[in-house]
Amino acid sequence: MPSNQNPLGALPVRFRRQRVLIIGCGDVGLRAARALGAQAGGPRPRVLALTSSPGRAPALRAAGIVPLVGNLDHFATLRRLSGLATRVLHLAPPPGERDCGPEWWRDNRTVALARALRLRTLPAALVYGSTSGVYGDCGGALVTEARPVAPATPRAQRRVNAERAVRHLGRAGVRASILRIPGIYAPDREGGTPEARLRRGTPVLAPEDDVFTNHIHADDLARACVAALWRGRAQRCYHASDDSHMKMGDYFDLAADLYGLPRPPRVARSAAQQSLPVSLLSFMGESRRLNATRMARELRVPLHYPTVAQGLRGQRA
C-alpha cells in the first residue's frame, strides 16, 4: 500500500501510534479517553476530540486530549478531520426537534461526518453510539440484535437514519460497528442517578402498567466503546447493556431505598398521561429486555457493574 494511503502514514504500524478521534466528547467520551490510556500493551493511542466550543479546549487538553474545533452542523469545519484518525468513536447525538428542519427523520450530523471522513484516507474502524430506542415497544420481550428496528419517536427515527449512514460508510471499507445503548447511569455523572427525580416525587407506573428498562454504567459503556474500536466486527450491532432486567418502578424503588428516600408514588398509565411530560411518557411507553450476550462474547467486555444495584452502590464486581 502506498504511504499516502496507509492510515498510519509512511512508517510501519509498529512505529506509529494509533490516532483515535472522539466525536461528541462528553461524559462518556472522557471516560473512553481515560480507558484508552489505561490499555495494557503497546503505546498509548493519541486521542483527539471534536468540540464546537473553543472554551472546552483547556479542559480537553488537561485530560490528555487534543481538541479540534469544529461543528457537525457546518460541514466546512469538518474537512480537517479527513485522514486524521485511524479509529473514530462517534458519540454525538442527532439534532434535536428544533434543528432538524423539514427532514425531521434525518441525522444530517452523521451524514456530514461520514462525508468528511471520505475526503481522504478512511479510518480503519468507526464505532457509533446509537440507542436501544430504535426497537420501539417490544412488549417486554427479550431482544437480540437480530430484531428489526421499529422506531416509534422522531428521535429514534433519526438514530436509525444515523445507523444507516454508518453502515453505508462501512461499505466503503471502514470496519463500522454500532453500539445500541440504553439508559446511562453513574453516581459521578451529572444527572446520572434517579436521586433528583426521587426528591421531586415524580410518580412511576403502577406494577400492572410498568415497563422493562435497561441500563449501563458509564464506565462500562466507555470500556465497551474502546473494545469495539479494536474488536467490533464489520456491520455489526451490539447491545451495550448490563445484566439487569428490571421494571422502571423497581429501579426507582431500589434507588430510593439506597438513598434513604421515600419510594415514588405509583399511578395508572391513564393518570400518568394526564400529569407527566411527553418526553417522560415516551420512555414509559416502551418495554424491552436487552440480551447483551454478543457484547460479552465478541467484544470480551467483563462488566465492572453487572447490575444497577452494584453500580449505584459503587461496588465493582
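Shown above is the structure to which this text applies.
Residues numbered from 1 in each chain as written. Predicted model: local features only at pLDDT ≥ 70, side-chain atom pairs only at ≥ 80, totals over all residues. Heavy atoms only, no water.

*Asks:* Explain the packing of aromatic side chains to me, using residue names and the numbers behind them.
*Replies:* Inspection of every chain in the model, using the stated rule, returns 1 aromatic pair. A ring pair is formed by Tyr251 and Phe252, whose centres lie 5.5 Å apart and whose planes are at 70 degrees; its orientation type is edge-to-face. Both residues of the pair, Tyr251 and Phe252, belong to the buried class. The ring centre of Phe212 lies 5.5 Å from the NZ or CZ of Arg289, which sits over that ring. (Phe/Tyr/Trp six-rings, centres within 6.5 Å; stacked < 30°, edge-to-face > 60°. Buried < 20%, exposed > 50% of the residue type's maximum accessible area, 1.4 Å probe, protein only. Lys NZ or Arg CZ within 6 Å of the ring centre and 35° of its normal.)

*Asks:* An account of the pattern of salt bridges is requested, with residue identities and associated values reported.
*Replies:* The tally for this structure, following the rule as stated, stands at 18 salt bridges. The residue Asp253 makes a salt bridge to Arg263 at a minimum N-O spacing of 3.7 Å. Here Asp253, found in helix H7 (residues 248–259), pairs with Arg263, found in the loop between H7 and strand E14 (266–267); they are 10 residues apart in sequence, far enough to count as distant. Taking relative accessible area as the criterion, Asp253 reaches 9% and is therefore assigned buried. (Salt bridge = Lys/Arg side-chain N within 4 Å of Asp/Glu carboxyl O. Helix = DSSP H or I, 4+ residues; strand = E, 2+ residues; numbered from the N terminus.)

*Asks:* Please provide a residue-by-residue account of the environment of Cys225, values included.
*Replies:* Secondary-structure assignment places Cys225 in helix H6 (residues 218–231). Looking at Cys225, the relative accessible area reads 0%, which means it is buried. In the structure, Cys225 is positioned 82 residues away from Val143 in sequence and 21 Å away in space, judged by C-alpha atoms. Beyond its immediate chain neighbours, meaning those up to four positions away, Cys225 contacts Leu89, Leu91, Val127 and Leu179. (Contact = heavy atoms within 4.5 Å.)

This is a description of form; function is not addressed.
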